[in-house]
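One-letter residues, chain by chain:
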Amino acid sequence: MSLLSLRQMKTDIGQYSVLHDVTFDVPEGGVFVLLGRNGAGKTTTLRSIMGLWQPSPGSVLFRGEDITALHTAQIARKGIAYVPENMGIFGTLTVDENLVLATANGRFDPARLKRIHALFPALEKFRDKQAWSLSGGQKQMLSVARAIIEPRDLILIDEPTKGLAPSIVAAMGEAFREISADTTILLVEQNYNFARSLGRDMAVIDDGRVAHTGSMESFAADKALQDRLLSLSV
Amino acid sequence: MRRLTTTLETTLGRFGGVNLLPVAVALVAFVLIGAPSSWLTLTVAGLAMGMMLFLMASGLSLVFGLMDVLNFGHSAFVSFGAFVSATVLAGMGAWLTADSWVLNSLALAASYLAAICFGLVAGWFFETVIIKPVYRDHLRQILITIGAMIVAEQAILAFWGGTPFSVARPHFLEGSWIIGDVSIEIYRAFAFTLGAAVFVMLFFVLNRTRIGLLIRAGVEDREMVEALGFRVDRLFIGVFMLGSALAALGGAMWAGYETLITPHMGAELMIVVFIVVIIGGLGSIEGTLLGAIMVGLMSNYIGFLAPKLALASNMILMVAILLWRPNGLRPAVK
Ligand SMILES: Nc1ncnc2c1ncn2[C@@H]1O[C@H](COP(=O)(O)OP(=O)(O)OP(=O)(O)O)[C@@H](O)[C@H]1O
Ligand SMILES: [Mg+2]
């Protein structure tokens, strides 16, 4: 059984029909990459999984359970974390306060905090700083850290490398590799090389429809397919 | 103009930022007024008024910040708080006039408690019945909450009648302290102290407790708080009830300050309360306090210096501050 299954998801935003038919399965373990051009519907797909938009018809199954109609908070409590495109940092809260809010009972598990500080040393150095004053890369780290401060089964991450310097992108890649050892990641990426280096399975979404699913390896080998779906060469 | 504002900005930043604005206003007023004793009286009056406005406005600011809800009916809680507490005070006349400050304060506390309880219950009712069906729809919020305010005003009219209701003051808060040629009304000092205590409590809750962190986070990004597993809608009911209770307490204190109240008092205060919230910056109680103190001080100073301008002074203050800082003095979101 796959960890997450999307079934014929159709999502409207206001009067616009954004997703027409999104169906794919995310197996447990590793990094699953969701690719697609700007405006294809990647963010909308993640938001529909999180219950921030309501797909209708269509369904979201998590470990076989239908979570489509649940409230966002209930979906989160099932073990799904969300790192949104805008990072969703609470700027007037400190780094530590941002993290502690994401814990289940208001206390840090020392081992997990240590692991996070090892992955992202800046978050230890600036732990009492107000989060608005962090750099873009540090904010992204905080957003990812918030998603793993508690054990989760699935993390949805939306374009984490947007606007980051290459060295930070590399560090982020390392972190994802380590996180994905025990947590499944559904990663939306525009940075194709970054996605290719991490992904095991993948799907491409185009104009609100899934245009391709398969392994990263075979997609990487098929230049014609890449050109058609992502226009990478343009 | 740009140069001027940036110089102002850096100078203020060096000495504690916009928090010092009231001090600057008070200093300018000191020079303009000339007479230290009048200045002190006006300043105390301004601070007391500011604290009461803060109580009335803080809930409105948080409610807007957290759920984007525009509640034009907020002033109903102010009016009801005033009338409920005045009624309780009228019923406890004997304790109120007794020459024992213990009985006096018990009567006063009972009247405030009644206002607060009324605010909590009415807030719960208002949120569930009137606000909940119109989440995310500003036009309907405006229409239905203005409607609710009119209904509330009429209900007060029906229940307490249209003639101004006179409010009894506890004996120990009557009169003034005279120090040299300075006279300070005791009730004003009391209103300031009580308001400040409530602010400190609110500040502590918002900054040092988990619920408080959730509220502040929710003001910044409601969806993200939900994506972390919290029901902001449930949190919101609590915040709404608290805000209504604070408004009712503010109304109760205002009643004792004015000593004569009418069913229109809420509607009259509403504009000032909105100005406070807007110049303070939506969603932050520090901002609301700052806005309230500024409005309180300016109203009193201008009322003394240029009585003809008194009515317009709040509007002028708002326009000036918004030109300088379009999101208010201390907005909740950076
Ligand atoms: N709040 C909204 N209101 C109206 N239309 C929206 C809204 N959000 C997204 N859309 C539309 O839905 C479509 C898909 O948007 P989405 O954000 O899911 O794309 P995306 O694949 O994440 O793109 P990008 O790579 O640029 O982030 C776009 O055409 C967009 O204009
Ligand atoms: Mg997107």
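Residues numbered from 1 in each chain as written. Chains lettered and ligands numbered in written order. Predicted model: local features only at pLDDT ≥ 70, side-chain atom pairs only at ≥ 80, totals over all residues. Heavy atoms only, no water.

Peer 1: Help me understand the overall build of chain B, please; the structure alone is not making it clear to me.
Peer 2: The helix and strand inventory of chain B stands at 14 helices and four strands. Against the compact-globule benchmark of 20 Å for 334 residues, chain B has a radius of gyration of 20 Å, which places it among compact chains. Considered along the principal axes of its C-alpha atoms, chain B spans approximately 55 × 55 × 35 Å. Sequence-distant contacts, at least 24 apart, represent 77% of the contacts inside chain B between residues at least 6 apart. Summed over its atoms, the accessible surface of chain B is roughly 14,900 Å², and 72% of this surface lies on carbon and sulfur atoms. Taken as two groups, the 18 positive and 17 negative side-chain charges of chain B have centres that lie 9 Å from each other. (Helix = DSSP H or I, 4+ residues; strand = E, 2+ residues; numbered from the N terminus. Rg over C-alpha atoms; globule rule 2.2 N^0.38 Å. Contact = heavy atoms within 4.5 Å. Areas by Shrake-Rupley, 256 points an atom, 1.4 Å probe, with all protein chains shown as cover. Lys, Arg positive; Asp, Glu negative; His and termini not counted. Charge placed at Lys NZ, Arg CZ, Asp CG, Glu CD.)

Peer 1: Quick question: what am I supposed to make of the overall build of chain A here?
Peer 2: Counting secondary structure elements, chain A contains 10 helices and 10 strands. At 17 Å, chain A has a C-alpha radius of gyration in line with the 17 Å of a compact globule built from 234 residues. Counting only C-alpha atoms, chain A reaches 45 × 40 × 35 Å along its principal axes. The 234 residues of chain A split such that 55% are buried. (Buried < 20%, exposed > 50% of the residue type's maximum accessible area, 1.4 Å probe, protein only.)

Peer 1: Where do I start with the pairing of strand β1 (residues 4–13) of chain A in this structure?
Peer 2: Residues in a regular strand project their side chains so that they alternate between the two faces of the sheet. Residue and element names in this part refer to chain A. For β1 and strand β2 (residues 16–26), the ladder comprises seven bridges, and the chain directions are antiparallel. Its bridge partner being in β2, L4 is matched across the sheet by V26. The turn linking β1 back onto β2 is made up of two residues, and G14 within it adopts a positive phi angle of 60°. Sheet analysis places β1 next to strand β4 (residues 59–62), joined by four bridges and oriented antiparallel. Residue pairing in the sheet places S5 in a bridge with L61 of β4. (Pairing = 2+ DSSP bridges.)

Peer 1: Looking at this structure, I do not really get the packing of helix α4 (residues 74–91) of chain B against helix α7 (residues 138–160) of chain B. What am I missing?
Peer 2: Angle between the axes and distance between the axes: these two values describe a pair of packed helices. All names here are of chain B. Where α4 meets α7, the closest approach of the two axes is 9 Å, and the angle between their N-to-C directions is 15°. Here α4 is positioned roughly parallel relative to α7, judged by the angle of their axes. Taken as a pair, α4 and α7 cross one another with a handedness that is left-handed. For the pair α4 and α7, the contacting residues are S75, A76, S79, F80, F83, V84 and T87 in the first and M149, A152, A155, I156 and W160 in the second. (Axes fitted to C-alpha atoms, helices over the stretch in contact; angles between N-to-C directions. Parallel < 35°, antiparallel > 145°, perpendicular 65-115°, else oblique. Left-handed = near helix turned anticlockwise from the far one by under 90°.)

Peer 1: Sorry, what's going on with unusual backbone geometry here?
Peer 2: Negative phi is the rule for most residues except glycine; trans is the rule for most peptide bonds. Residue P57(A) is reached from S56(A) by a cis peptide bond, and omega for that bond is -5°. Looking at the element boundaries, P57(A) is found in the loop between α1 (42–49) and β4. Located in the positive-phi region is D207(A), a residue other than glycine, with phi close to 45°. Structurally, the position occupied by D207(A) is in the loop between β9 (201–206) and β10 (209–215). The class of D207(A) is exposed, set by a relative accessible area of 52%. One non-glycine residue, D68(B), adopts positive backbone phi at about 60°. Inspection of the secondary structure assignment puts D68(B) in the loop between α3 (36–67) and α4. For D68(B), a relative accessible area of 39% corresponds to the partly exposed category.

Peer 1: So what exactly am I meant to see when it comes to the interface of chain A and chain B here?
Peer 2: Often the size quoted for an interface is simply the accessible area lost on bringing the parts together. Taken together, the 28 residues of chain A in the interface contact 20 residues of chain B. Both sides together, the interface formed by chain A and chain B hides about 2,100 Å², and carbon and sulfur atoms give 60% of it. When the buried area of chain A at its contact with chain B is split by residue, F90(A), T92(A) and L101(A) rank highest and sum to 28% of it. On the surface where chain A and chain B come into contact, there are one salt bridge. Here R47(A) ties to E223(B) by a salt bridge, and the two come within 2.8 Å at their closest N and O atoms. Connecting chain A to chain B are seven residue pairs in polar contact (both at pLDDT 80 or more). Broken down by secondary-structure element, the contributors of at least two residues to the side of chain A that touches chain B are α2 (72–77), β6 (80–83) and α3 (95–101) of chain A. A per-element tally of the side of chain A that touches chain B places α2(A) first, with five residues. Of the residues contributing to the side of chain A that touches chain B, the split by class is 15 nonpolar, nine polar and four charged. (Buried area = accessible area lost by both parts, 1.4 Å probe. Salt bridge = Lys/Arg side-chain N within 4 Å of Asp/Glu carboxyl O. Polar contact = N/O pair within 3.5 Å; in protein donor to acceptor, adjacent residues only side chain to side chain. Nonpolar A, V, L, I, M, F, W, Y, C, P; charged D, E, K, R; others polar.)

Peer 1: How should the nonpolar core be read in this particular structure?
Peer 2: Core analysis: the largest hydrophobic core is formed by 188 residues, its most contacted members being L35(A), F120(A), F176(A), L186(A), F219(A) and L53(B). Sort the elements by how many residues they give to this core and α3(B) lands first, with 17 residues. When residues no more than four places from it in sequence are discounted, the contact partners of F120(A) are M141(A), V144(A), A145(A), M172(A) and A175(A). (Core = buried A, V, L, I, M, F, W, Y, C linked by side-chain atoms within 4.5 Å.)

Peer 1: Looking at this structure, I do not really get the confidence of the model for chain B. What am I missing?
Peer 2: Residues and elements named next belong to chain B. Across chain B, the average pLDDT comes to 89, with 95% of residues at 70 or higher. Across chain B, element-level confidence peaks in helix α10 (residues 222–227) with a mean pLDDT of 94 and bottoms out in helix α1 (residues 2–14) with 65. Across the assembled chains, the prediction reports ipTM 0.91 with pTM 0.87. (pLDDT = per-residue confidence, 0-100.)

Peer 1: What exactly am I supposed to notice about the coordination of the magnesium ion (ligand 2) here?
Peer 2: Tetrahedral coordination by four donors puts the ideal angle at the metal at 109.5 degrees, and octahedral coordination by six puts it at 90 or 180 degrees. Looking at the magnesium ion (ligand 2), the protein donor atoms are T43(A) (OG1) and E85(A) (OE), and they sit 1.9 to 2.5 Å from it. Placement of T43(A) in helix α1 and of E85(A) in the loop between β6 and α3 is noted, with a sequence separation of 42 residues between them. (Donors = N, O, S within 2.8 Å, 3.2 Å for Na, K, Ca; no water.)

Peer 1: Sorry, what's going on with the side chain of T184(A) here?
Peer 2: All names here are of chain A. Within the secondary structure, T184 is located in strand β8 (residues 184–188). Residue classification places T184 among the buried positions, given a relative accessible area of 2%. A polar side-chain atom of T184 sits 2.8 Å from the main-chain amide nitrogen of G29. Those residues within four positions of T184 in sequence are excluded, and the remaining contacts are L3, V26, P27, E28, G29, G30, D153, L154 and I155.

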